[in-house]
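# Topology and contacts: notes
The primary structure of each chain is shown beneath.
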Amino acid sequence: MLQLRHKQVLVVGLARSGVAAANLLLSQGARVRVTDLKPADQLKDELSQLRGEVETALGRHRVGDFLSADLIVASPGVPSDIEPLRKARAAGIRVLAEVELAFQFLPGPIIGVTGSNGKTTTTSLIGRMFEEANVAVAVAGNIGIPLTRIALEPSVREVTSVVELSSFQLEMIQHFRAHIALILNLTPDHLDRHGSLKSYALAKQRILLNQTRQDWAVLNADDELSLGMRPEAAGSVCLFSRRPLQEGVCVEEGQIVIRQKGYSASVMSASEVAMRGAHNLENVLAATCAAHLSGLSLEAIRRTIRNFKGVEHRLERVAVHDGVSYYNDSKATNVESAKRALQAFSRPVVLIMGGRDKSGDFEQLADLVKERVRRLILIGEAAAKIAGALGSSVPISEAENLEQAVVQAGRSASRGDTVLLAPGCASFDMFDDYEQRGREFKESVAHFIHHQR
């Protein structure tokens, strides 16, 4: 365990993870300084949540703060290659990811979930399976609850931590180890930060870095890049697939089946999965792998799958009015996730897309958009790029903001249509995060419907 008493520790980035990391460090007797590019007047809420005396260096990063630290803890949103971090490493100063710091104080098993799409749903689903089985669990990580906050809890020794892990979090881990590591799928995402699909995939692969022969890797047999990481697994592998497998968790003759090291059982009919979309069936299969490997009962797994209707901002049905359904998939922050959202609907869709481009290839949506979308409404910085890629496939209009886009969508939709927010882009051009974007969509839908009555 890290010895932190009286150490000078710099926390870089004061969002939720930075606040939780600073509080964990304070609890261990460290002298903490926080730095953020935002000025103090934009960080009032975060500063009010700090549980002790903390030095602040806000509005910019000063290289001297980095070079005078004994240890640096970087929040997930901080690129690992910014100049002050490079200089600190060159000076021999240890730089930890926030999840790496938390790992030092988590004695219980860790289930790590990564991939390009489905992380939050799968993480939430596994957590719910543990709760259904009455087994102590904490759900944290990129899902919105920092892992360092879990490490502060007094009951942490008895808890299994189920952790959603982004490529940003994984690229800086050193000793972090997941007893069960899930790689759900890999499609181009965050190329604006990682530079290439290969670099992005290598960041995701780091979830396997410190596993031993006693650990498990859960891989998607239907995803070439996920399956291709099998040789990197030091322990055992549990595959999942929507097609029959000789061993793993799969769908066979309409049934979800577990076959693993001599054990065989039918869980339930795949038609009983409450969430819509083939991608959500994959999430269920992956979660079933993790739950079974953790020793949870079939009955707990079965009850959870039947009752789990998804999580906020992920194909979330918001309203039905005058025969038009409104769905919020604000978490569709890349092209592949927007594609999966569209594939979940067969009837005509009025689609709202746009935001900050992550170097996505929107042209790959052309055939699907032509087949299923009645009208495409664009917002944000990427509007022109999306229009250029899809303009020949569907009628397009632009909106100045999300509220205006909802009004356009509602007026364009006919009975039987679906209005779908699946941006295919990051939210940071107009919103703090995808959650704020999703909440504004829901508020705008409610406002639009109210004024139609």
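The text that follows walks through the structure, step by step, so that each part is easy to find. Just so it is clear, the model here is predicted, and its values are computed rather than measured. (Residues numbered from 1 in each chain as written. Predicted model: local features only at pLDDT ≥ 70, side-chain atom pairs only at ≥ 80, totals over all residues. Heavy atoms only, no water.)

## Some thoughts on the nonpolar core
Counting residues in each nonpolar core, the largest one holds 70 residues, and the members touching the most others are Leu4, Leu25, Val32, Ile72, Leu101 and Leu147. The element that contributes the greatest number of residues to this core is helix α1 (residues 16-27), accounting for six residues. Discounting residues that sit within four places of it in the chain, Leu101 has contacts with Leu2, Leu4, Ala21, Leu24, Leu25, Val73, Leu96 and Thr148. (Core = buried A, V, L, I, M, F, W, Y, C linked by side-chain atoms within 4.5 Å. Buried < 20%, exposed > 50% of the residue type's maximum accessible area, 1.4 Å probe, protein only. Helix = DSSP H or I, 4+ residues; strand = E, 2+ residues; numbered from the N terminus. Contact = heavy atoms within 4.5 Å.)

## Comments concerning the packing of helix α6 (residues 119-132) against helix α13 (residues 298-307)
Viewed as axis vectors pointing N to C, α6 and α13 meet at an angle of 130 degrees, and their least axial separation amounts to 8 Å. The angle between the axes of α6 and α13 places the two elements in the oblique class. As α6 packs across α13, the resulting crossing turns out to be right-handed. Seen from α6, the contacting residues are Leu125, Arg128, Met129 and Glu132; seen from α13, they are Ala300, Ile301, Arg303, Thr304 and Ile305. Class assignment of the residues belonging to the contact of α6 with α13 gives a composition of five nonpolar, one polar and three charged. (Axes fitted to C-alpha atoms, helices over the stretch in contact; angles between N-to-C directions. Parallel < 35°, antiparallel > 145°, perpendicular 65-115°, else oblique. Left-handed = near helix turned anticlockwise from the far one by under 90°. Nonpolar A, V, L, I, M, F, W, Y, C, P; charged D, E, K, R; others polar.)

## Observations concerning the state of the cysteines
The full count for this structure, using the stated rule, is zero disulfides. In this model Cys250 remains outside any disulfide bridge; the closest cysteine sulfur is found in Cys289, 9.5 Å from its own. (Disulfide = S-S within 2.5 Å.)

## Overview of the side chain of Ser330
Residue placement: Ser330 occurs in the loop between β16 (324-328) and α14 (335-343). In contact with Ser330, other than residues within four places in its own chain, are His313, Leu421, Pro423, Tyr434, Arg437 and Gly438.

## Considering unusual backbone geometry
With a phi close to 50 degrees, Lys261 is a non-glycine residue in the positive phi region. Checked against the element boundaries, Lys261 lands in the loop between β13 (255-260) and β14 (263-269). By relative accessible area, Lys261 is classed as exposed at 58%. Positive phi is not limited to glycine here, since Ser359 has a value of about 65 degrees. For Ser359, the position within the fold is in the loop between β17 (349-354) and α15 (366-372).

## Some points on the sheet that holds strand β4 (residues 71-74)
Pairing between the strands of a sheet is mediated by backbone hydrogen bonds and can be parallel or antiparallel. Taken in spatial order, the five strands of this open sheet run β3-β2-β1-β4-β5, and their pairing is parallel. Because the sheet does not close on itself, it has two edges, and the strands there are β3 (55-58) and β5 (94-97). Averaged over all pairs of adjacent strands, the angle between their axes in this sheet comes to 20 degrees, without regard to strand direction. Where strand β1 (residues 8-12) meets β4, four bridges bridge the pair, whose relative direction is parallel. Looking at the pairing, Val12 lines up with Ala74 of β4. (Pairing = 2+ DSSP bridges.)

## Focus on helix α12 (residues 278-293)
Under the 1.5 Å per step criterion, the end-to-end length of α12 is 23 Å for 16 residues, consistent within 8% with the ideal 22 Å. Two residues or fewer after α12 comes Gly295, characterised by a positive phi angle close to 85 degrees. (Expected span 1.5 Å × (residues − 1).)

## Section: the packing of aromatic side chains
Under the criterion given, the structure shown has two aromatic pairs. Look at Phe103 and Phe176: their rings are 5.5 Å apart centre to centre, the planes differ by 55 degrees, and that puts the pair in the tilted class. On the criterion of sequence distance, the pair formed by Phe103 in helix α5 (residues 98-103) and Phe176 in the loop between α8 (167-170) and β9 (180-183) is long-range, its members being 73 residues apart. On the basis of relative accessibility, which here comes to 0%, the residue Phe176 falls in the buried class. Geometrically, the ring pair formed by Tyr327 and Phe345 is edge-to-face, given 4.8 Å between the ring centres and 65 degrees between the ring planes. (Phe/Tyr/Trp six-rings, centres within 6.5 Å; stacked < 30°, edge-to-face > 60°.)

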